[in-house]
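# Working through the structure, step by step
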Amino acid sequence: MTLQHCIIHQIERPVPGADVTTTLRDEENSSSGPAYSLFEQLKQSYQRSSQKQYGHFDSEQTDNPVPGWLQEQQQGKSPFARTTQRLLEHLQQKMGDNDEAFSAHILFALETVMDQEQLYIFWFNHVEAAHIDNTLDIAPTQYIDSNKILYGARLFIEEWLEEDSQKYLSMITSRGNKNLSDTFSAFLGFSTGLDLVVETSEFLTIVDDYAQSLPEEKVTDYKGKILDYCVEQDKQGAPVVFEDISTQLNEQQPKEFAEFVSSKQESPKAEIYTDRGSLKRYVRYFGRDKNMSISFSADMFGQNIVYDEASGTLTIKEIPKSLKQQLKNSNKPTKE
């Protein structure tokens, strides 16, 4: 992995309704040392996020200048620093469409991974804190919260330029501020290309179909391996590659599962991105209201836990020791 370019700019509106101002850096930041360390921390946070959307530049948004500027940078017609300045000025113009107050630094980075270029855009904030100064007094300070990216994007350059893809661009937006989220999406010209919930649901249905062909004693182990792989890939921001899963499941027949998946798909794919929430719901059943909370592993369903749909009752044949002890204690007669 090589960090080719890295630069940080600032954008803010100190109070609601005020003008949006920018502070632009002329020269790139060093691609090593503290800047590289910050980039790696922000990238890890981005990859771990379960809020990513996958898509592409909206082809119907003909007035979006972002793809053209990035192409000029790729062709050597515009330096990386100047390209990012134009991008931030474009973001400044888009932010004029709302009145929200905000203050952020924007890191633009171009990284090469296995000969594939990836452009990252990270919007990050500072957090107020306190420290002990040289006089042993308490003084205010700030630090970068690299664990929380409110807005961000990643563009796979080659996939965008060379392939007819609907997933070369991914994006994170904050659920806490719709106005800023909509503005950041409009700044990129982002269009959703994948419905991760639908794709994950279809894949998990195929996993269930595959499990029916296995001996009963192997089902839990196989499902566990598949889900562990999917969750780990999602945490890394990487796709689920069916051939990789297939090899891990059966080294003697490394293509068996991949071929089964392909036979069940309407449009066969070599890989998919998954929705983490759907994966978690598949691993566990859970539900709650103001008086009750229930959660249990999916492999207990139908064995130690039985649901009767007609009566709407759930029968638990084996309960945790700690709960059993509480129930036992509650049944002890009280002393008068």
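Residues numbered from 1 in each chain as written. Predicted model: local features only at pLDDT ≥ 70, side-chain atom pairs only at ≥ 80, totals over all residues. Heavy atoms only, no water.

Let us now look at the overall build of the protein chain. Along the protein chain, the regular secondary structure elements total 11 helices and 16 strands. The C-alpha radius of gyration of the protein chain comes to 25 Å, more than 25% above the 20 Å expected for a compact globule of 336 residues. C-alpha atoms of the protein chain, sized along the principal axes, occupy 70 × 65 × 40 Å. Looking at the protein chain as a whole, 40% of its 336 residues qualify as buried. Across the protein chain, contacts joining residues at least 24 apart in sequence account for 62% of those joining residues at least 6 apart. Per element, the accessible surface of the protein chain, about 19,800 Å² overall, is 47% carbon and sulfur. Averaging the positions of the 33 positive and the 52 negative side-chain charges in the protein chain gives two centres separated by 9 Å. (Helix = DSSP H or I, 4+ residues; strand = E, 2+ residues; numbered from the N terminus. Rg over C-alpha atoms; globule rule 2.2 N^0.38 Å. Buried < 20%, exposed > 50% of the residue type's maximum accessible area, 1.4 Å probe, protein only. Contact = heavy atoms within 4.5 Å. Areas by Shrake-Rupley, 256 points an atom, 1.4 Å probe, with all protein chains shown as cover. Lys, Arg positive; Asp, Glu negative; His and termini not counted. Charge placed at Lys NZ, Arg CZ, Asp CG, Glu CD.)

Let us look at the environment of E256. Assignment of secondary structure puts E256 in helix α9 (residues 256-264). By relative accessible area, which is 33% here, E256 ends up partly exposed. Separated by 209 residues in the primary sequence, E256 and Q47 have C-alpha atoms spaced 30 Å apart. Those residues in contact with E256 that lie beyond four places of it in its chain are Y210, S246 and N250.

Of note, E159 is situated in helix α4 (residues 157-162). Its relative accessible area of 14% is what places E159 among the buried residues. Side chain to side chain, E159 and K167 meet in a polar contact 3.2 Å long. What E159 contacts, discounting residues up to four positions off in sequence, is S165, K167 and Y168. (Polar contact = N/O pair within 3.5 Å; in protein donor to acceptor, adjacent residues only side chain to side chain.)

What follows concerns the pairing of strand β16 (residues 313-316). In the sheet, strand β15 (residues 305-308) pairs with β16 via four bridges, with the strands oriented antiparallel. Residue pairing in the sheet places I305 in a bridge with I316 of β16. (Pairing = 2+ DSSP bridges.)

Inspection of the secondary structure assignment puts S146 in the loop between β7 (138-144) and β8 (151-156). Looking at S146, its side chain comes within polar contact range of the side chain of Q41, at 2.8 Å. If sequence neighbours within four positions are ignored, S146 has contacts with L38, Q41, L42 and S45.

Viewed as axis vectors pointing N to C, helix α6 (residues 196-211) and helix α10 (residues 276-283) meet at an angle of 35 degrees, and their least axial separation amounts to 9 Å. Seen from above, α6 lies across α10 with right-handed handedness. Each of V197, T200, L204, V207 and D208 in α6 lies in contact with α10, whose residues at this interface are S278, L279 and Y282. Grouping the amino acids of the contact of α6 with α10 by side-chain chemistry returns five nonpolar, two polar and one charged. (Axes fitted to C-alpha atoms, helices over the stretch in contact; angles between N-to-C directions. Left-handed = near helix turned anticlockwise from the far one by under 90°. Nonpolar A, V, L, I, M, F, W, Y, C, P; charged D, E, K, R; others polar.)

Moving on: the sheet that holds strand β2 (residues 21-23). The strand order across the open sheet built from eight strands is β2-β1-β4-β5-β8-β9-β3-β10, with neighbouring strands paired in antiparallel fashion. Pairing within the sheet leaves two strands with one partner each, and these edge strands are β2 and β10 (190-192). Within the sheet, the average angular offset between the axes of one strand and its neighbour, ignoring direction, is 25 degrees. Pairing of strand β3 (residues 53-57) with β10 involves three bridges; the strand directions are antiparallel. Note on β10: the bridge partner recorded for F57 is F190.

Within the structure shown, the criterion is met by 11 salt bridges. Here R86 ties to E72 by a salt bridge, and the two come within 3.1 Å at their closest N and O atoms. One end of the pair, R86, is in helix α3 (residues 80-95); the other, E72, is in helix α2 (residues 66-74), and 14 residues separate them in sequence. The class of E72 is partly exposed, set by a relative accessible area of 28%. Residues E89 and R82 are paired through a salt bridge, measuring 3.8 Å at the closest nitrogen-oxygen approach. The exposure class assigned to E89 is partly exposed, which follows from its relative accessible area of 34%. (Salt bridge = Lys/Arg side-chain N within 4 Å of Asp/Glu carboxyl O.)

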